[in-house]
Amino acid sequence: SAVLTLDLYIENPFVEHHVLAVGLQAGTVFGDPDYRGRFSLGGFPNMNLLDGFLNGQMLSGRVLRGYPVGATFGERFMLLNLDYRFPIHRIQRGIHTLPFYLQRIYGSVFANFGEAFDGAPSLQGILGGAGVELFLDLLLGYYLPFTIRGGLAYGWNEGGGFSGYLNLGLPF
């Protein structure tokens, strides 16, 4: 299989630290049809925050938010994520002398479009969604960074709908 990823960050010239993040990803499988895998697109898997932290499970932002896990699948896929990211508050504080440091809170308003397919892509097969996210950057033990992500998404097409999520992970 082969996957191509292109990320572009466009700074807002009028508001400091605001950025439009564009993430484009596409992939295909090749080889013997009896042995090649398939791609799937959909939302975040269910994740327990404590288990995720203890097991080091960090989820990326390359998902089709607003849809269940594995909402669409095929030998090829395309995914476009458009996120407008903005700071909310720079905390930069710890809790007394505990090795736990709150760094910053930031938000995102997003739209995402994607399709996994066999053969040629079609405009009718593209799924879309939009929503909002809130991120909290933390530092544990003075050198272990992690991010808590919470969000609400709505998938516009069949199979989509309202979904909420809370996990450990970074935006793309």
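Owing to the predicted nature of the structure, the values given are computational and were not obtained by experimental measurement. (Residues numbered from 1 in each chain as written. Predicted model: local features only at pLDDT ≥ 70, side-chain atom pairs only at ≥ 80, totals over all residues. Heavy atoms only, no water.)

Peer 1: Tell me about the overall build of the protein, residues and numbers included.
Peer 2: Each helix and strand counted, the protein has one helix and nine strands in total. Traced from its N-terminal end to its C-terminal end, the protein shows the element sequence β-β-β-α-β-β-β-β-β-β. Its C-alpha atoms give the protein principal-axis dimensions of roughly 60 × 40 × 30 Å. Counting all 172 residues of the protein, 37% fall into the buried class. (Helix = DSSP H or I, 4+ residues; strand = E, 2+ residues; numbered from the N terminus. Buried < 20%, exposed > 50% of the residue type's maximum accessible area, 1.4 Å probe, protein only.)

Peer 1: Now, about the nonpolar core: what can you tell me, with residues and values included?
Peer 2: F44, M47, L59, V63, F110, L138, F146, A153, Y165 and L168 form the largest nonpolar core, which has ten residues in total. Going through the elements one at a time, β8 (144–155) and β9 (162–168) are the ones with two or more residues in this core. Residues L41, F77, L79 and L127 belong to the second largest nonpolar core, which totals nine residues. (Core = buried A, V, L, I, M, F, W, Y, C linked by side-chain atoms within 4.5 Å.)

Peer 1: Before we move on, could you go through the layout of surface pockets and cite the residues and values that matter?
Peer 2: Here the largest pocket is characterised by a volume of approximately 240 Å³. Taken together, H17, V19, R85, F86, P87, H89, R90, R104, I105, Y106 and P171 form the lining of the largest pocket. Ranked by residues supplied to the lining of the largest pocket, first place goes to strand β5 (residues 76–94) with five residues. For the lining of the largest pocket, a count of residues per class yields six nonpolar, two polar and three charged. In this structure, the second largest pocket encloses a volume near 160 Å³. Lining the second largest pocket are 13 residues, with S40, L41, G42, R62 and V63 positioned closest to its centre. Only β3 (39–41) and β5 provide two or more residues apiece to the lining of the second largest pocket. Among the elements that make up the lining of the second largest pocket, the one with the highest residue count is β3 (three residues). (1 Å grid on protein atoms, 1.4 Å probe; cavity = no way out; pocket = protein on both sides within 12 Å on 5 of 7 lines; lining within 4 Å. Points joined across faces, edges and corners; volume = space filled by probe spheres on them. Nonpolar A, V, L, I, M, F, W, Y, C, P; charged D, E, K, R; others polar.)

Peer 1: Describe the side chain of S108, listing the residues and the values that go with them.
Peer 2: Mapping S108 onto the fold places it in strand β6 (residues 100–117). Once you skip the residues sitting within four places of it in the chain, S108 turns out to touch D83, Y84, R85, F86, G131, V132, E133 and F135. (Contact = heavy atoms within 4.5 Å.)

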